[in-house]
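# Analysis of the macromolecular model
In case you want the letters, here they are:
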Amino acid sequence: FYIYVRFTELIFIYVRCIMYSHKDEKFGKIYEEDLDVYFKDNLHLHGHLTKTIDKYNTIDYINDDWVCELKSRRYSIKSFDSFMVGENKMKEAEVSAKKYRFYFCLREGVYYWDFKPNPEDETEDMYYYYGMGGRSDRGRDERKRTAYIFTENLILLTDTIRTP
């Protein structure tokens, strides 16, 4: 009986994990499509960008000069003092010859931050920091090393695209 109950619990957790992942992936796709149109209408931002197709790619948009990442969140810009991106993305930005731009689609609109390395003088304000982050409410532990970009450095691009 115990084995049956435990097996049933594991199946429930697995199904819940798939449902949450699919729901979050669908949520992000909606805003990627809206931003695709915005980028095409506003080529002065960084020229024509190519959307990466592979869902496991570490970046969302790219061209000869720019690499761009989009994060869609169900939060207000005022919800946190920083927003996270994968540590791997920030590490790539630190060594890349290309310009990196991080977009955050939030309740008030789409914000962006152009990568700048943190000042070497530790008494100056930093743009980002590294720490542990993630979530564990989708049936598995998704916490890992992440980079946190301070919201005070985010610039409003448009308020015509917003998350609920």
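## Comments concerning the overall build of the chain
When helices and strands are counted, the chain shows two helices and nine strands. For the chain, the share of sequence-separated contacts (at least 6 apart) that also reach a separation of at least 24 residues comes to 59%. A total of about 10,500 Å² of accessible surface is found on the chain, and carbon and sulfur atoms cover 55% of it.

## Quick notes on the side chain of Ser82
Checked against the element boundaries, Ser82 lands in strand E4 (residues 82-86). With a relative accessible area of 7%, Ser82 lands in the buried category. A distance of 3.5 Å separates the side chain of Ser82 from the side chain of Asp81, its partner in a polar contact.

## A few points about the side chain of Thr158
Locating Thr158 in the fold gives a position in strand E9 (residues 155-158). We classify Thr158 as buried; its relative accessible area is 7%. Among the polar contacts listed, one links the side chain of Thr158 to the side chain of Thr160, at a separation of 2.7 Å. The residues contacting Thr158, other than those within four sequence positions of it, are Tyr38, Gly109 and Val110.

## Side note on the packing of aromatic side chains
The final tally for this structure, using the stated rule, is 15 aromatic pairs. For the pair Phe80 and Phe83, a centre-to-centre distance of 5.9 Å together with 80° between the ring planes defines the contact as edge-to-face. Overall, the relative accessible area of 4% leaves Phe83 in the buried class. Aromatic side chains Trp113 and Phe115 sit 5.8 Å apart centroid to centroid with 75° between the ring planes, which places their arrangement in the edge-to-face category. Overall, the relative accessible area of 16% leaves Phe115 in the buried class. Three or more aromatic residues joined by ring pairs make a cluster, and in this case those are Tyr100, Phe102, Trp113, Phe115, Tyr127, Tyr128 and Tyr130. Between Lys91 and the ring centre of Tyr130, over which it is positioned, the NZ or CZ distance is 4.5 Å.

## Here we look at the confidence of the model for the chain
Reading predicted coordinates in detail is not appropriate for stretches of low pLDDT. Summarising the model, the chain shows a mean pLDDT of 83, and 83% of its residues fall at 70 or more. The spread of mean pLDDT over the elements of the chain runs between helix H1 (residues 2-41), the lowest at 61, and strand E6 (residues 109-114), the highest at 97. Confidence drops under a pLDDT of 50 for residues 12-22, and excluding neighbours within four residues, the segment shows 10 contacts in the predicted structure.

Rules and cut-offs
Along each chain, residue indices are assigned from 1 in the same order as the chain's sequence is written. The predicted origin of the model limits local features to residues at a pLDDT of at least 70 and limits the giving and counting of side-chain atom pairs to 80 or more, whereas totals for whole chains, interfaces and linings rest on all residues. Based on all heavy atoms of the structure, the side-chain values leave hydrogens and waters out of the count. Strands here are runs of E lasting at least two residues and helices are runs of H or I lasting at least four, both read from the DSSP assignment and numbered beginning at the N terminus. In what follows, a contact means two residues having at least one pair of non-hydrogen atoms within 4.5 Å. In these tables, accessible area is a Shrake-Rupley quantity obtained with a 1.4 Å probe, and a residue counts as shielded only by the protein chains included in the view. The buried label applies to any residue whose accessible area, calculated with a 1.4 Å probe on protein chains only, is under 20% of its type's maximum; exposed applies above 50%, and partly exposed to all values in between. As used in this structure description, the phrase polar contact means that two N or O atoms lie within 3.5 Å; if the pair is within protein, one of them must be able to donate a hydrogen and the other to accept it, and residues adjacent in sequence are counted only when both atoms belong to side chains. Ring geometry is summarised as follows: Phe, Tyr and Trp rings, the Trp one being its six-membered ring, pair when their centres sit within 6.5 Å, and such pairs are stacked at plane angles under 30 degrees, edge-to-face over 60 and tilted between the two. Charges are assigned to positions over rings by a cutoff of 6 Å between ring centre and Lys NZ or Arg CZ, combined with an angular limit of 35 degrees from the ring normal. Across the chain, each position has a pLDDT score giving the predictor's confidence in that residue, from 0 to 100.

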